[in-house]
Amino acid sequence: MASGARAPGPEDSVRTASPDRRGEKGVSAPTGAVGTLKSAASRVRSVVASPRPVKGKAGREAARRRLQLLPASHAQGRAEGAEVGEEEEEGAEVEEEEEPLLSVPEEDEEEARPLPPVCMFPMRGMWRDEKVALYCDEVLQGCKAEDADGAMSKYLSEKLKLKDKWLGVWKTNPELFFVKYEEASIPFVGILVEVICKPHQSSSSCFKVTVSVAEPFSSNIANIPRGLVNEILEELEHSVPLLEVYPVEGQDADNHDIALALEVVRFFYDFLWRDWDDEESCENYTALIEERINLWCDIQDGTIPGPIAQRFKKTLEKYKNKRVELIEYQSNIKEDPSAAETVECWKKYYEIVMLCGLLKMWEDLRLRVHGPFFPRILRRRKGKRDFGKTITHIVAKVITTDMVKDLSSDTLLQQHDDLDLALDSCYSGDTVVIFPGEYQAVNLALLTDDIIIKGVGKREEIMITSEPSHDSFVVSKADNVKLMHLSLIQQGTVDGIVVVESGHMTLENCVLKCEGTGVCVLTGAALTITDSEITGAQGAGVELYPGSTAILERNEIHHCNNLRTSDNSKSTLGGVNMKVLPTPKLKMTNNHIYNNNGYGVSILQPTEQFFIVAEAFNKGAASGDKKDDSMLSRVMQNLNLEMSNNKIEANLKGDIRIVTS
């Protein structure tokens, strides 16, 4: 939101917050996506309740009750020509019960045929540069944000002139047809229709087309009554949003071009358009669209690891939902708002502003070049206790003298059965001693004081798991914090398994089983890892951000870059990844880096500064030739990289790679 934008009071109702251009599942409406679907369903219900001949009203109500009881097996697999089984007995029983009272029109008994395949143009199949050229150069052509709708309309209108009549599948929200349904089993209701295009609207996202049921009657719902479809189309005056219609395969080349144009517009409003775009001034809107294309591509090809990409998607979805909530809340205020209603509007508005700010951070490549992280720790450093003593915190269900026999007699002890309580009680200089068991501790994501956390016994027996509902697992900004003899098991969190925001962290004799990203050392921070094992990361095992420092000695880093994307062939991440400018410092000795899906060590250089060195290095490694020792030495010296006695092998892409972008 622009800083000068006026906050929406209740009196603004729908006018202040512009809705999603397409609405949910492509439905466009002046009062927001959810309101659209509800009002559409209400229209159909009003038809059922309106004074009509008893036979027609009863027939529609019976049809809707039958759809309400439709088993999932009838809905699944019908799209694009899948076959459907017979109705369950429960639905049949309802029909038998109603038969004496209702007369369902004969045409309602006609079973729909499977839908024909539609033209598919997956945008993810286009290269990044192709998308940028298409949207920035061909469609938007340097327009401002407030003119984007007009540019998309012009582009689509030109394509629609190619042919004014064609066959398509109308995919609409099930609420138009179902009183009750499971979204997972029935994502949409599809009907084969004949389309007549008369594009005269100003916004491509609001284009309406005239449709009628095409022959043969076809749907992804086997027993949907044709009479009900006709009734709903009559209520809609046979006018539906163009973006809900998908041209059928097997027609001529003009239809192929129309289908592609529709996909281009859908992709724009689904992934590139933001609700706040035309509310703010943007000097170069096409540059902003290019950044969003880059963000989308970075998510698809795994440059941004899967768990972190999920956090962005969740934030975007939350923003959209909160916006709809505000619109609906404003719409329900009929008269002058009360003080409580005004406060509630402001609260919802500021939630939207905060989410909008987070999304903008993601979209700005200057912020994202250092990774999609921002400071997580807001807790202040406690420092030392007033009386200057340090305490050793014992974490165990029970404590015995044998457990503390190795401690000096003057050691101050405090026993906890909960790791979180122990961490919360720590001051700088304290030590937390953990005995075998399974633990969780959200306070591991809030390390601000210089403490030592160590396990007693085998490291595999001291298991600390992350809390799945939290973004972070272990995060430190302490000057000097140390973790020893532990197993960290990441479950559901999306940040790195360990994130060093600032200061220095030491990991000694630890096992790090990643589910999200690996160990991340942010700009200016330092990390030392010795005698440890890192495995399972969906990005690099160790990620060094510009200006960071790391020492890795006698570690195993393996089976990282386990990306869950459709195409991980483009990703170069693997065991260790360095982002330069300013160059991080890395010292690696006696490490074993193996079986990673990217390179053993990858070095990302975002400018041309090192191009000559990188090119020469790549030539030295070409065609399976042995790497030239002097060239490798020059590269390492230039990048503050010291490597000795490391075993780097069996990595999918290779051992060491300098990547320029």
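So, about a negative patch on the surface. Side chains of Asp-129, Glu-130, Asp-137, Glu-138 and Glu-290 sit close together on the surface and give a patch of like negative charge. A per-element tally of the negative patch places helix α6 (residues 128-140) first, with four residues. Relative to the elements of secondary structure, Glu-138 occurs in helix α6. Given the relative accessible area of 41%, Glu-138 is considered partly exposed.

In sheet architecture, strand pairing relies on hydrogen bonds along the backbone and comes in two forms, parallel and antiparallel. Taken together, the eight strands give an open sheet; going across it, the order is β9-β11-β14-β17-β20-β23-β26-β29, and neighbouring strands pair in parallel fashion. Looking along the sheet, the strands with just one partner apiece sit at the ends: β9 (437-440) and β29 (647-649). The sheet shows a mean angle of 10 degrees between the axes of neighbouring strands, direction not considered.

Further remarks concern helix α8 (residues 226-235). Burial analysis of α8 places seven of its ten residues in the buried class, the great majority of the element. All of the buried residues in α8 are Arg-226, Gly-227, Leu-228, Val-229, Glu-231, Ile-232 and Leu-233.

Another point: the packing of aromatic side chains. Under the defined criterion, the tally for this structure stands at 13 aromatic pairs. Here the aromatic rings of Phe-268 and Tyr-269 are separated by 5.0 Å at their centres, their planes lie at 85 degrees, and the arrangement is edge-to-face. Here the aromatic rings of Trp-346 and Tyr-349 are separated by 5.9 Å at their centres, their planes lie at 90 degrees, and the arrangement is edge-to-face. Of this pair, Trp-346 and Tyr-349 both sit in helix α12 (residues 339-363), three residues apart, which is roughly one turn of the helix. The class for Tyr-349 is buried, based on a relative accessible area of 7%. By way of ring pairs, the aromatic residues Tyr-135, Phe-267, Phe-268, Tyr-269, Phe-271, Trp-273 and Trp-296 are connected into one cluster. One residue, Lys-171, lies across the ring of Tyr-246, its end atom 4.6 Å from the ring centre.

Turning next to the confidence of the model for the chain. Mean pLDDT over the chain works out to 75, with 70% of the residues at or above the 70 mark. The low-confidence segment residues 607-628 (pLDDT under 50) makes 30 contacts with residues lying over four places distant or belonging to another chain.

Between its first and last C-alpha atoms helix α9 (residues 253-272) spans 27 Å; for 20 residues at 1.5 Å apiece the expected length is 28 Å, and the two agree. By the burial criterion, the buried members of α9 are Asn-255, Ile-258, Ala-259, Ala-261, Leu-262, Val-264, Val-265, Arg-266, Phe-267, Phe-268, Tyr-269 and Leu-272. Residues of α9 that are buried in the fold lie against α6, α7 (148-160), β1 (165-172), β5 (245-247) and α10 (285-301).

Here we take up unusual backbone geometry. For the bond running from Glu-215 to Pro-216, omega is -10 degrees, close enough to zero to count as cis. Summarising the element assignment, Pro-216 is placed in the loop between β3 (208-213) and α8. Positive phi outside glycine occurs at Gln-141, with the angle close to 50 degrees. Inspection of the secondary structure puts Gln-141 in the loop between α6 and α7. Exposure remark for Gln-141: the relative accessible area of 58% places this residue in the exposed category.

Turning our attention to the pattern of salt bridges. Under the criterion given, the structure shown has 20 salt bridges. Taking the shortest distance from any N to any O, the salt bridge between Glu-215 and Arg-226 comes out at 2.5 Å. Separated by eleven residues along the polypeptide, Glu-215 in the loop between β3 and α8 and Arg-226 in helix α8 bring together distant segments of the chain. Put simply, Lys-322 and Glu-351 hold a salt bridge, and the shortest N to O gap is 3.4 Å. Here Lys-322 is found in helix α11 (residues 306-331), whereas its partner Glu-351 is found in helix α12, with 29 residues between them in sequence. The exposure class of Lys-322 is buried, given its relative accessible area of 18%.

Rules used throughout
Residues numbered from 1 in each chain as written. Predicted model: local features only at pLDDT ≥ 70, side-chain atom pairs only at ≥ 80, totals over all residues. Heavy atoms only, no water. Patch = residues over 30% accessible without salt bridge, like charges linked within 9 Å, V, L, I, M, F, W, Y side chains within 5 Å. Areas by Shrake-Rupley, 256 points an atom, 1.4 Å probe, with all protein chains shown as cover. Salt bridge = Lys/Arg side-chain N within 4 Å of Asp/Glu carboxyl O. Lys, Arg positive; Asp, Glu negative; His and termini not counted. Charge placed at Lys NZ, Arg CZ, Asp CG, Glu CD. Helix = DSSP H or I, 4+ residues; strand = E, 2+ residues; numbered from the N terminus. Buried < 20%, exposed > 50% of the residue type's maximum accessible area, 1.4 Å probe, protein only. Pairing = 2+ DSSP bridges. Axes fitted to C-alpha atoms, helices over the stretch in contact; angles between N-to-C directions. Phe/Tyr/Trp six-rings, centres within 6.5 Å; stacked < 30°, edge-to-face > 60°. Lys NZ or Arg CZ within 6 Å of the ring centre and 35° of its normal. pLDDT = per-residue confidence, 0-100. Contact = heavy atoms within 4.5 Å. Expected span 1.5 Å × (residues − 1).

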